[in-house]
Amino acid sequence: MATQILIIDDDPELRDLLRDYLQRQGMEVSVLHDAASLERRLERERPDLIVLDLMMPGVDGLTALRQLRATGDDIPVIMLTARADDVDRIVGLELGADDYLGKPFNPRELLARVQAVLRRRKTVPSAAPEQREPYAFGRFLLDFQARTLTHSGAAVPLSGSEFALLKIFVNHPMRTLTRERLLELLHGPAYDGTDRGIDVQVWRLRRILESDPSAPRFIQTVRGRGYVFVPDGEHDAAAATP
């Protein structure tokens, strides 16, 4: 079955260019000129991935993405941004975008991003529930058997990929994990994705765990090396073992 892509952009020339290019690559492509009708469209059809422009009149891309994730919908999203829109890019990643692409760009690069995101989603293992005690950190409780996360007793929604990444961090507390190692643990040694993909996934996990994702307490950055999971949120990442 052909990959189905939904493109939402108010620029008709770019919309048509991307549709024609992706169709030539064997994909099925539908388009919307704004995000106002996204919810109704998703009720009729479920694409494999959405390409979403952030700067649109009416309902902008960030609002549409926020509404989509608020419903618990984890459909993959690649957002299109102007190169200077760093704030919007970061906010988009915090809201749950899977990747971003700055305008202008080569359609071939979008194709590569689409393939990487879909490959990343498909290769996250859906392991059988583990017979082990739940793991507590801060006010969170990770239940391996039920594959659930709670905060002060309240359920916290987690996608399969988010659970898999959190489980890796929990299994390696206070150990610095490089991006390459995280990708290997998450997808297997044969995975050929990019480091950038794991950065996006870490951003998404941080927005779930952290009260301030820009100053993370649990998943901290070790500059020039990777990431470290700090269970109690009190020790500095510099104390982590390599």
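No experiment lies behind these values; they were computed from the predicted model shown.

## Structural notes on the UniProt feature "modified residue: 4-aspartylphosphate" (unreviewed entry) in the protein chain
Then, number 1: When the UniProt feature table is mapped onto this chain, "modified residue: 4-aspartylphosphate" (unreviewed entry) is found at Asp53.
Then, number 2: Judged by relative accessible area, which is 3%, Asp53 ranks as buried.
Then, number 3: Leaving out residues up to four positions away in the same chain, Asp53 has contacts with Ile8, Asp9, Asp10, Gly61, Leu80 and Lys103.

## Observations concerning the pairing of strand S10 (residues 219-222)
Within a regular beta strand, the side chains point alternately toward one face of the sheet and then the other, so they alternate between its two faces.
Then, number 1: The pairing of S10 with strand S11 (residues 226-229) spans four bridges and is classified as antiparallel. When the bridges of S11 are listed, Gln220 appears paired with Val228.
Then, number 2: Hairpin geometry of S10 and S11 is characterised by an intervening segment of three residues between the two adjacent antiparallel strands and by a positive phi of about 80 degrees at Gly224.

## With respect to the nonpolar core
Then, number 1: Counting 26 residues, the largest nonpolar core has Leu149, Phe169 and Leu209 as its most contacted members.
Then, number 2: Mapped by element, the contributors of at least two residues to this core are strand S7 (140-143), helix H6 (160-171), helix H7 (179-187), helix H8 (195-209) and S11.
Then, number 3: The leading source of residues in this core is H6, at seven residues.
Then, number 4: Contact partners of Leu149, with chain neighbours within four places excluded, come to Phe137, Phe140, Leu141, Leu142, Ala154, Ala155, Val156, Leu158, Leu166, Ile208 and Leu209.
Then, number 5: In terms of nonpolar packing, the next biggest core, distinct from the first, is built from 22 residues, Leu38, Leu54, Ala64 and Leu93 among them.

## What about the pairing of strand S2 (residues 28-32)?
Then, number 1: Taken together, the five bridges between strand S1 (residues 4-8) and S2 define a ladder with parallel strand orientation. Residue pairing across strands places Ile5 opposite Val29, the latter belonging to S2.
Then, number 2: Read as a crossover between parallel neighbours, the route from S1 over helix H1 (residues 12-24) to S2 is right-handed.

## Some words on the packing of aromatic side chains
Aromatic rings considered in pairs are described by the distance between their centres and by the relative angle of their planes.
Then, number 1: One pass over the full model with this rule turns up six aromatic pairs.
Then, number 2: Judged by centre distance (5.3 Å) and plane angle (80 degrees), the rings of Phe137 and Phe229 are edge-to-face. With Phe137 in strand S6 (residues 135-137) and Phe229 in strand S11, the pair connects residues that are 92 residues apart, well separated along the chain.
Then, number 3: A ring pair is formed by Phe140 and Phe218, whose centres lie 5.9 Å apart and whose planes are at 85 degrees; its orientation type is edge-to-face. With Phe140 in strand S7 and Phe218 in the loop between H8 and S10, the pair connects residues that are 78 residues apart, well separated along the chain. Both residues of the pair, Phe140 and Phe218, belong to the buried class.

## Considerations on unusual backbone geometry
Glycine aside, negative phi is the norm for most residues, and most peptide bonds take the trans geometry.
Then, number 1: Between Lys103 and the following residue, Pro104, the backbone shows a cis peptide bond with an omega angle of -5 degrees.
Then, number 2: Positioned with a positive phi, Arg147 is a non-glycine residue whose angle comes to about 55 degrees.
Then, number 3: Position of Arg147 relative to the elements: it lies in the loop between S7 and strand S8 (148-151).
Then, number 4: With a phi close to 55 degrees, Ser152 is a non-glycine residue in the positive phi region.
Then, number 5: By secondary structure assignment, the location of Ser152 is in the loop between S8 and strand S9 (154-156).

## Points about H7
Count 3.6 residues to each turn of an α-helix, and residues three or four apart come out pointing the same way.
Then, number 1: Within H7 the residues assigned to the buried category are Leu182, Leu183, Leu186 and His187. Taken end-on, H7 shows its buried residues confined to a sector of 100 degrees, consistent with a single buried face.

## Observations regarding the sheet that holds S8
Then, number 1: An order of S6-S7-S8-S9 is seen for the four strands of this open sheet, with the pairing classed as antiparallel. Edge positions in the open sheet fall to S6 and S9, since each of these has one partner strand only. Taken pair by pair, the neighbouring strands of this sheet meet at an average axis angle of 30 degrees, ignoring direction.
Then, number 2: Bridge count for S6 against S7 is three bridges, and the pairing is antiparallel. Residue pairing across strands places Phe137 opposite Phe140, the latter belonging to S7.
Then, number 3: In this fold H6 packs onto S6, S7 and S8, with an angle of close to 105 degrees to the strand it touches most, S7.

Rules used in this analysis
Residues numbered from 1 in each chain as written. Predicted model: local features only at pLDDT ≥ 70, side-chain atom pairs only at ≥ 80, totals over all residues. Heavy atoms only, no water. UniProt positions renumbered as here; feature names shortened; annotations may be inferred. Buried < 20%, exposed > 50% of the residue type's maximum accessible area, 1.4 Å probe, protein only. Contact = heavy atoms within 4.5 Å. Pairing = 2+ DSSP bridges. Helix = DSSP H or I, 4+ residues; strand = E, 2+ residues; numbered from the N terminus. Core = buried A, V, L, I, M, F, W, Y, C linked by side-chain atoms within 4.5 Å. Right-handed = clockwise from strand over helix to strand, strands pointing away. Phe/Tyr/Trp six-rings, centres within 6.5 Å; stacked < 30°, edge-to-face > 60°. Arc of directions from axis to C-beta. Axes fitted to C-alpha atoms, helices over the stretch in contact; angles between N-to-C directions.

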